[in-house]
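Spelled out from the first residue to the last, the chains are:
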Amino acid sequence: MKIGIIGAGLAGLTAAIELAERGFEVDVYYVDNPTYSNSYKLQAGIAMPLTPNDSPEIHIRDTLSVGRYLNDTERVWFTVSKATEVYEFLRGLGINFESVELEGGHNIPRTFSIKGLTGKYIMDKLYVQAKERYVNFVRSRVSSLIISGNTCIGFIDEKGEHHHYDAVIIARGQKRM
Ligand SMILES: Cc1cc2nc3c(=O)[nH]c(=O)nc-3n(C[C@H](O)[C@H](O)[C@H](O)COP(=O)(O)OP(=O)(O)OC[C@H]3O[C@@H](n4cnc5c(N)ncnc54)[C@H](O)[C@@H]3O)c2cc1C
């Protein structure tokens, strides 16, 4: 089965590594540079409620409060509840956090950090790990999606070329396509 992933940030490469690990053939599309993305610029670290005096409930309460209760509560619960999985995944790839910092919006230290260069460190590691699993990187801007029924079955790149896949993951961050 062949999977096309639009985006080589933290989201795209995490999906790519997981899928390659399960035996899927994976192509990752990116613009400009395979490691330089918003994920690379992520400085402070990743907030996870994993210290002994913390809990998902406290993290969620802080998140909803700083979001002035405009957040999608279900998404907040979903994301925060994945913290242990995320931590184990990153640790399994050899990523070691150096400190847990107190960052804006949080009432207790829960931002797992690496020397203020967390994104650079993680992205460099994820890129190497994806390459080791034969993930194929394609430098090409996707300009539109190919939809069949209500399923995305591929996309068209900036040169007008069509690319078909068994499944597509859109992980292009907040940039416009
Ligand atoms: C300066 C800065 C500091 C930050 N600090 C933190 C922090 O401390 N903690 C924190 O949790 N978050 C932080 N963030 C936010 C965090 O970086 C993002 O939320 C996260 O990296 C998003 O990851 P992503 O994989 O969804 O997208 P991105 O990292 O934005 O990756 C998007 C990918 O999609 C590709 N792409 C986009 N459009 C197309 C297209 N049309 N065709 C093909 N490819 C395409 C890009 O090339 C890129 O590879 C920070 C952001 C910035 C900018």
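Given the structure is predicted, the values throughout are model-derived calculations rather than measurements. (Residues numbered from 1 in each chain as written. Predicted model: local features only at pLDDT ≥ 70, side-chain atom pairs only at ≥ 80, totals over all residues. Heavy atoms only, no water.)

K.L.:
Can you lay out the packing of helix 1 (residues 10-21) against helix 6 (residues 118-132) for me, pointing to particular residues and giving the numbers?
P.N.:
Following both chains from N to C, one finds helix 1 and helix 6 inclined at 30°, their axes separated by 10 Å at the closest point. Between helix 1 and helix 6, the crossing angle belongs to the class labelled roughly parallel. For the pair helix 1 and helix 6, the crossing hand works out as left-handed. Along its contact with helix 1, which presents L10, L13, T14 and I17, the element helix 6 presents I122, M123, L126, Y127, Q129 and A130. Looking at side-chain class alone, the contact of helix 1 with helix 6 contains eight nonpolar, two polar and no charged residues. (Axes fitted to C-alpha atoms, helices over the stretch in contact; angles between N-to-C directions. Helix = DSSP H or I, 4+ residues; strand = E, 2+ residues; numbered from the N terminus. Parallel < 35°, antiparallel > 145°, perpendicular 65-115°, else oblique. Left-handed = near helix turned anticlockwise from the far one by under 90°. Contact = heavy atoms within 4.5 Å. Nonpolar A, V, L, I, M, F, W, Y, C, P; charged D, E, K, R; others polar.)

K.L.:
Can you lay out helix 1 for me, pointing to particular residues and giving the numbers?
P.N.:
Here helix 1 is twelve residues long and its end C-alpha atoms lie 16 Å apart, about the 16 Å a rise of 1.5 Å per residue gives. Where helix 1 is buried, its residues contact strand 1 (2-6), strand 2 (25-30), helix 5 (83-92), helix 6, strand 6 (136-139) and strand 10 (167-170). (Expected span 1.5 Å × (residues − 1).)

K.L.:
I'd like a rundown of the domain arrangement of the chain, residues and numbers included.
P.N.:
Structurally, the chain comprises domain 1 (1-41 + 118-177) and domain 2 (44-116). Placing a centre on the C-alpha atoms of domain 1 and another on those of domain 2 gives a separation of 25 Å. Contacts between the two partners involve eleven residues from domain 1, matched on the other side by 14 residues from domain 2. Both faces considered, domain 1 and domain 2 share a buried interface measuring about 920 Å² in area, 73% of it formed by carbon and sulfur atoms. There are zero salt bridges connecting domain 1 and domain 2. At the junction of domain 1 with domain 2, the criterion picks out three residue pairs in polar contact (both at pLDDT 80 or more). Looking at the side of domain 1 that touches domain 2, the elements that each hand over two or more residues are helix 1 and helix 6. (Domains from an automatic or database assignment. Buried area = accessible area lost by both parts, 1.4 Å probe. Salt bridge = Lys/Arg side-chain N within 4 Å of Asp/Glu carboxyl O. Polar contact = N/O pair within 3.5 Å; in protein donor to acceptor, adjacent residues only side chain to side chain.)

K.L.:
Go over the sheet that holds strand 8 (residues 151-157) with me, naming the residues and quoting the values.
P.N.:
Strand order in the open sheet made by the three strands is 7-8-9, with antiparallel pairing throughout. Where the open sheet ends on each side, the last strands, each with one partner, are strand 7 (142-148) and strand 9 (162-164). Taking the axes of each pair of neighbouring strands and ignoring which way they run, one obtains an average angle of 30° across the sheet. In this structure, strand 8 lies alongside strand 9, joined through three bridges in antiparallel fashion. Residue G154 lies in a different strand from strand 9, and its bridge partner there is H164. (Pairing = 2+ DSSP bridges.)

K.L.:
Quick one: what's the story with the pattern of salt bridges, residue by residue and with numbers?
P.N.:
As enumerated under the stated definition, the model contains nine salt bridges in all. A salt bridge links D54 to R110; its shortest N-O distance comes to 2.7 Å. You can see D54 sitting in the loop between strand 3 (46-47) and helix 3 (56-66) and its partner R110 sitting in the loop between strand 4 (99-101) and strand 5 (111-113), a full 56 residues away along the chain. Like R110, D54 is buried. Taking the shortest distance from any N to any O, the salt bridge between E98 and K115 comes out at 3.8 Å. Pair noted here: E98 is in the loop between helix 5 and strand 4 and K115 is in the loop between strand 5 and helix 6, with a separation of 17 residues, a long-range link. With relative accessibility at 65%, the residue K115 sits in the exposed group. (Buried < 20%, exposed > 50% of the residue type's maximum accessible area, 1.4 Å probe, protein only.)

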